[in-house]
Amino acid sequence: MTATAPGHAGPEVGKAPASPAASGGRSGTVRRSLFRALPVSPAVVLLLLFLAGPIVYCVVIAFTDLQLTGQAEESFVGFDNFTRAFKDEAFLNAVWLTLVFTVLSSLIGQNTLGLALASLMQRASKPVRTLTGGIVVTAWVLPEVVAGFLLYAFFKREGTLNAILDWLHLPSQNWLFTLPILAVSFANVWRGTAFSMLVYSAALNEIPKEVTEAAEVDGASGWRRMWHITLPMIRRSIGTNLMLNTLQTLSVFGLIWVMTRGGPSGRSQTLPLFMYEQAFQNSLIGYGTAVALLLLLIGSLFSVVYLRLLRTEV
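Counting restarts for each chain: residues are numbered from 1 in the order of the written sequence. Per-residue local features of the predicted model are confined to residues with pLDDT of at least 70, and side-chain atom pairs are confined, for both listing and counting, to 80 or more; whole-chain, interface and lining totals are unaffected and use all residues. Side-chain numbers come from the whole structure's heavy atoms, not from hydrogens or water.

Draft legend 1. Up close: the overall build of the protein chain. Strands are runs of DSSP state E lasting at least 2 residues, helices are runs of H or I lasting at least 4, and numbering of each runs from the N terminus. Each helix and strand counted, the protein chain has 15 helices and zero strands in total. Three labels apply to residues, based on accessible area from a 1.4 Å probe with only protein chains included: buried if under 20% of the type maximum, exposed if over 50%, partly exposed otherwise in between. Burial statistics for the protein chain: of 314 residues in total, 36% are counted as buried. For the protein chain, contacts bridging at least 24 residues in sequence account for 71% of all contacts bridging at least 6. The method behind every accessible area is Shrake-Rupley, applied with a 1.4 Å probe, and residues are considered shielded solely by the protein chains displayed. Accessible area of the protein chain: about 19,600 Å², with a carbon and sulfur share of 68%. We call two residues in contact when some of their heavy atoms are within 4.5 Å.

Laid out in structure tokens, this is it:
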């Protein structure tokens, strides 16, 4: 019989038994986490079903030659649809026009005009603020198709703009034929500026009055106050507004379709219209879906840039 040396514990002595309280605490934490997640589970299920599901299905279709007519079954074609897109001059033209449309109507037009209106309305009287805000917001809440028809009536050959130019004895032209991308960009500015105005109005109201009053006492002009005080203090609102406006502008379809249908000769055909033409007019669902994924990629790149600009500096 072997004796155990004093001070030398057996292998079972060095192990402490699991604490019932610790095990109960871990299981309680898990139960609390599951209980907290229970209210949001229906929303998660709906997002997976109606958002993630269609996106995954579109990704699958983009790698096939699926067509609406004249095809018994689709087949896997790999990256052929994407390769075809980058070799297609009409696609490259649509990418260029999409960037022009986004920069003119969103980054420059809606953003700048919205900030200008918000700044002016802070100094205007209450009747002027009410009237201006009502007019701008009315253009925003109009359905896209209705707004497109109104701007079509404004820019067409026999429209309101040419009537005003004729009355002023200035040369008129068919704006939807000569400058279609500028016409639809102006239409998007007219319709979407209200959102930027509301965002910037809320941001400007958050600036402490003591800061601007101190700058006025120091003799800073309006432009210097705007550049050195106002813009830095609303930097995050500017970035958020630019991101939301850019994503919305990239997906504009009805406004351009009603005004020009992408014409003439594709001179106002942005990516949403090109995608629609390929998928539903030419019946090339696989190719059109690949174009849609490329549009999604462009929007994602814009979002990444804006999110990096909005990242809190350490």
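Draft legend 2. Spatial organisation of helix H3 (residues 80-87). Among all positions in H3, only Asn81, Phe82 and Ala85 are buried. An end-on view of H3 places all buried positions within 100° of arc, on one side of the element. In the core, the buried residues of H3 are packed alongside helix H2 (41-62), helix H4 (89-123) and helix H15 (285-310). This arc is taken over the directions from the axis of the helix to the C-beta atoms.

Draft legend 3. Molecular detail of the environment of isoleucine 234. With respect to the element layout, isoleucine 234 can be found in the loop between helix H11 (222-233) and helix H12 (235-250). Considered as a pair, isoleucine 234 and isoleucine 207 are 27 residues apart in the sequence and their alpha carbons are 8.2 Å apart. The residues touching isoleucine 234, leaving out its near neighbours within four places in the chain, are Leu115, Tyr200, Ala203, Leu204 and Ile207.

Draft legend 4. Expanded view of the nonpolar core. Nonpolar core, defined: a set of buried Ala, Val, Leu, Ile, Met, Phe, Trp, Tyr and Cys residues in which side-chain atoms within 4.5 Å join the residues together. With 20 residues, the main nonpolar core has Phe101, Phe155, Ile181, Val184, Leu255, Ile256 and Met259 as its most contacted residues. Mapped onto this core, the elements with two or more residues apiece are H4, helix H6 (144-155), helix H7 (160-167), helix H8 (175-178), helix H9 (180-205) and helix H13 (254-259). Those residues in contact with phenylalanine 155, other than ones at most four positions away along the chain, are Leu161, Trp175, Leu176, Ala183, Phe186 and Met259. Grouped together as the second largest cluster of nonpolar side chains are 17 residues, Ala85, Ala290, Leu294 and Leu295 included.

Draft legend 5. Layout of the environment of threonine 289. Examined against the element boundaries, threonine 289 turns out to sit in helix H15. In the structure, threonine 289 is positioned 227 residues away from alanine 62 in sequence and 5.2 Å away in space, judged by C-alpha atoms. Ignoring sequence-local partners within four residues, the contact set of threonine 289 consists of Cys58, Ile61 and Ala62.

Draft legend 6. Representation of unusual backbone geometry. Note the cis peptide between glycine 263 and proline 264, where omega equals -5°. Positive phi is not limited to glycine here, since serine 265 has a value of about 55°. Within the secondary structure, serine 265 is located in the loop between H13 and helix H14 (271-281). Relative accessible area serves as the criterion here: at 78%, serine 265 is assigned to the exposed category.

Draft legend 7. Expanded view of the packing of aromatic side chains. Aromatic rings from Phe, Tyr and Trp, with only the six-membered ring used for Trp, were paired whenever their centres fell within 6.5 Å, and each pair was classed as stacked if the ring planes differed by under 30 degrees, edge-to-face if by over 60, and tilted otherwise. As enumerated under the stated definition, the model contains 16 aromatic pairs in all. Judged by centre distance (6.4 Å) and plane angle (20°), the rings of phenylalanine 63 and phenylalanine 76 are stacked. Taken together, the positions of phenylalanine 63 in the loop between H2 and H3 and phenylalanine 76 in the loop between H2 and H3 put the pair 13 residues apart, joining distant regions of the chain. Ring geometry for phenylalanine 79 versus phenylalanine 82: centroids 6.1 Å apart, planes at 55°, classification tilted. For phenylalanine 79, a relative accessible area of 57% puts it in the exposed group. The class of phenylalanine 82 is buried, set by a relative accessible area of 13%. Through a chain of ring-to-ring contacts, three or more aromatic side chains come together here, namely Phe63, Phe76, Phe79 and Phe82. Two limits define a charge over a ring: the Lys NZ or Arg CZ must be within 6 Å of the ring centre, and within 35 degrees of the ring normal. Stacked on the ring of tyrosine 287, the Lys or Arg arginine 84 has its end atom at 4.3 Å from the ring centre.

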